[in-house]
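What follows is each chain in one-letter form.
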Amino acid sequence: MSKLAFSYLRNDDSAFSQFDCGEPELNFFLQREAEHYVRTGLSAVKLLLDLDADRIVGFYAISPHSVKPGYLSDDQRQFYNVPFPIPAWLIGRLAVDLRYQRQRLGGALLHDAFSNIAGRATNGAGALIIVDAKDKQVKKFYKKYDFRTLCVSGGLKLFRRIQYDNPNG
């Protein structure tokens, strides 16, 4: 097995053009848009690298977000009990290169995103993690990680609570 490591996006990543997850929109984001999103503060992008092959295995992008209380179920609204949008974090993109799929690396990326978000939210704010599943298969993947459907979302917008390591978080 190759040696894998996480790294934040750098400007000198020459492996961008080699990345292919099978989804043109996600490939385009990494190859053409990610650096702009990072530079302008729209997202943080983290890469999973194969250090032996000098390849990008996968990536995710996160950004601050919010959820209107009306999108939550009655129980969830009562839990937060606030009239304003709930602070959240969006995992806007997550992808694994075709050469590395079916090795549970999507889950590794997701767990790193959970940790990354919890650290940022502990120092800022955030109660929820939001994802937009592109289809039912992707929704099934996220449901394995305790994501639930937002009530008024048409079924593909999912959420889960942020799990804090810090008892004060």
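See the structure printed just above.
Residues numbered from 1 in each chain as written. Predicted model: local features only at pLDDT ≥ 70, side-chain atom pairs only at ≥ 80, totals over all residues. Heavy atoms only, no water.

**Focus: the overall build of the protein**
A tally of helices and strands in the protein yields four helices and seven strands. The secondary structure elements of the protein, listed N-terminal to C-terminal, are β-α-β-β-α-β-α-β-α-β-β. Its C-alpha radius of gyration of 16 Å places the protein within 12% of the 15 Å reference for a compact globule of 169 residues. For the protein, the spread of C-alpha atoms along the principal axes amounts to about 50 × 35 × 30 Å. Taking the contacts inside the protein whose residues are at least 6 apart along the sequence as the reference set, 66% of them involve residues at least 24 apart. Only carbon and sulfur atoms are counted for the fraction: they give 48% of the accessible area of the protein, which is about 9,700 Å². (Helix = DSSP H or I, 4+ residues; strand = E, 2+ residues; numbered from the N terminus. Rg over C-alpha atoms; globule rule 2.2 N^0.38 Å. Contact = heavy atoms within 4.5 Å. Areas by Shrake-Rupley, 256 points an atom, 1.4 Å probe, with all protein chains shown as cover.)

**Some details on the pattern of salt bridges**
Tallied over the entire structure, the rule returns seven salt bridges. Note that E35 is salt-bridged to R39, the shortest N-O span being 3.3 Å. Highlighted residues: E35 and R39, both in helix 1 (residues 24-39), separated by four residues, approximately one helical turn. We classify R39 as exposed; its relative accessible area is 58%. With a shortest N-O distance of 3.0 Å, D112 and K46 are connected by a salt bridge. On the criterion of sequence distance, the pair formed by D112 in helix 3 (residues 105-123) and K46 in strand 2 (residues 44-50) is long-range, its members being 66 residues apart. When sorted by exposure, D112 lands in the same class as K46, which is buried. What you see here is one network of salt bridges that share partners, running through E23, K134 and D135. (Salt bridge = Lys/Arg side-chain N within 4 Å of Asp/Glu carboxyl O. Buried < 20%, exposed > 50% of the residue type's maximum accessible area, 1.4 Å probe, protein only.)

**Description of the nonpolar core**
Note on soluble globular proteins: their nonpolar side chains tend to be buried together. In this structure, I91, L110, Y142 and F147 are the most contacted members of the largest nonpolar core, which totals 26 residues. Listed by contribution, the elements that provide at least two residues to this core are strand 2, strand 3 (55-67), strand 4 (86-96), helix 3 and strand 5 (128-132). With eight residues, the top contributor of residues to this core is helix 3. Apart from the residues within four sequence positions on either side, I91 is in contact with A61, I62, L110, A113, F114, I117, I129, I130 and V131. Counting residues in hydrophobic clusters, the runner-up holds 16 residues, among them F16, L30, V45 and A61. (Core = buried A, V, L, I, M, F, W, Y, C linked by side-chain atoms within 4.5 Å.)

**With respect to the packing of aromatic side chains**
In total, this model carries eight aromatic pairs according to the counting rule given. Its guanidinium or amino end placed over the ring of F114, R160 lies 4.0 Å from that ring's centre, counting from NZ or CZ. (Phe/Tyr/Trp six-rings, centres within 6.5 Å; stacked < 30°, edge-to-face > 60°. Lys NZ or Arg CZ within 6 Å of the ring centre and 35° of its normal.)

**Digging into the layout of surface pockets**
If you add up the space inside the largest pocket, you get close to 1,100 Å³. Lining the largest pocket are 29 residues, with L94, Q101, Q137, V138 and F141 positioned closest to its centre. If you list the elements that add at least two residues to the lining of the largest pocket, you get helix 1, strand 4, helix 3 and helix 4 (136-143). Looking at the lining of the largest pocket, the element that brings in the most residues is strand 4, giving six residues. Among the residues forming the lining of the largest pocket, the class breakdown is 12 nonpolar, seven polar and 10 charged. (1 Å grid on protein atoms, 1.4 Å probe; cavity = no way out; pocket = protein on both sides within 12 Å on 5 of 7 lines; lining within 4 Å. Points joined across faces, edges and corners; volume = space filled by probe spheres on them. Nonpolar A, V, L, I, M, F, W, Y, C, P; charged D, E, K, R; others polar.)

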